Amino acid sequence: MRWIRPLVVATLAVALAACTTSPTGRSRLTLLSEAQLDQMGAQAFAQYQRDTPTVGGAPYRYVQCVTDAIVATLPPEARDGGWQVRVFDDDSANAFALPGGYVGVNLGLLEIAENQDQLAAVIGHEIAHVLARHANERASTQTATQLGLSVLSSAAGLEGPGGEQVMAALGMGAKYGILLPFSRRHESEADVLGLRLMAGAGFDPRASVALWQNMGRAGGARPPEWMSTHPSHGQRIAGLEAEIPGVLPLYEQARRAGRPPRCG
């Protein structure tokens, strides 16, 4: 048992060394390198393309136009190499962005997002996840959580079959008490950053509220919020409405500069 304390100390030292600050000023744990994340993003994007047919033509040009307008406002280091865009023949209203510069949009989302501003709300949100390094933070938090539970299991003498049920309960506590709330925090942070991105590109940030109202009408039953990785539609809309006045000047500035995109 004497080895447990040095292991815990070493784990805490690594965690402290890997603590960084998000674009909104929040402390976060990031254990992976950018190169590792970019490689993971490339592999995931390639796998998704193997599993799901892609669509060209007008849907692709539309999504590419909205993405290009948002990417043009990113810092130079986030624009290097360009961003690859694919539209997938999938009826689910979903989209994603991956480390390394990859954006995927399902056809189903184009049925929900009624115009370019609403589509920009989704793409801005997804790109914000990448800029904020949320994938790194989620993977790092999960790794640290699993290591912590392993140490706790050994310290409590729960390695045998009799301790499995106890550790399962602890795992559920860790999942719903740590990992999912962190994920909801990421979603809320991406909402804030995504509003800034779309407004700076000349898309009307007020369209984000209409988008989530559409999502709410189209969505089915949802799990209780404490078990969900996303805020409820009502909470998300309230958060957006609170942030929109702060980003409207960015939108107006982009309009005065002649940057309103014409993608629709």
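Residues numbered from 1 in each chain as written. Predicted model: local features only at pLDDT ≥ 70, side-chain atom pairs only at ≥ 80, totals over all residues. Heavy atoms only, no water.

**Structural notes on the overall build of the protein**
Here comes step 1: Within the protein, the secondary structure is distributed over ten helices and six strands.
Here comes step 2: Taken across its 264 residues, the protein has 42% of its residues classed as buried.
Here comes step 3: Here the contacts in the protein between residues at least 6 apart in sequence split such that 73% fall between residues at least 24 apart.
Here comes step 4: For the protein, the exposed surface amounts to about 13,500 Å²; the carbon and sulfur share of it is 56%. (Helix = DSSP H or I, 4+ residues; strand = E, 2+ residues; numbered from the N terminus. Buried < 20%, exposed > 50% of the residue type's maximum accessible area, 1.4 Å probe, protein only. Contact = heavy atoms within 4.5 Å. Areas by Shrake-Rupley, 256 points an atom, 1.4 Å probe, with all protein chains shown as cover.)

**Topic: the state of the cysteines**
Here comes step 1: Evaluated as defined, the whole model comprises one disulfide.
Here comes step 2: Disulfide pairing places Cys65 opposite Cys263 at an S-S distance of 2.0 Å. Judged by the torsion about the S-S bond (-70 degrees), the Cys65/Cys263 disulfide is left-handed. One end of the pair, Cys65, is in helix α3 (residues 57–71); the other, Cys263, is in the segment after α10 (233–256), and 198 residues separate them in sequence. (Disulfide = S-S within 2.5 Å.)

**Here's the deal with the sheet that holds strand β5 (residues 95–98)**
Here comes step 1: A sheet is described by the order of its strands in space; here four strands give the open sequence β3-β4-β6-β5, paired in mixed fashion. Each edge of the open sheet is held by one strand with a lone partner, namely β3 (54–55) and β5.
Here comes step 2: One ladder, built from four bridges, connects β5 with strand β6 (residues 102–106); its direction is antiparallel. Within β6, the residue paired with Phe96 across the bridge is Gly104.
Here comes step 3: Set on the sheet, helix α6 (residues 116–131) makes contact with β5 and β6; between it and β5 the angle comes to about 30 degrees. (Pairing = 2+ DSSP bridges. Axes fitted to C-alpha atoms, helices over the stretch in contact; angles between N-to-C directions.)

**Focus on the nonpolar core**
Here comes step 1: With 45 residues, the main nonpolar core has Val66, Ile70, Leu119 and Ile127 as its most contacted residues.
Here comes step 2: Residue contributions to this core peak at eight residues, all from α6.
Here comes step 3: Residue contacts for Leu119: discarding those within four places in its chain leaves Tyr62, Val63, Val66, Val105, Leu109, Leu110 and Ala113.
Here comes step 4: Formed by five residues, the second largest nonpolar core is a distinct cluster that contains Phe45, Phe88, Phe96 and Tyr102. (Core = buried A, V, L, I, M, F, W, Y, C linked by side-chain atoms within 4.5 Å.)

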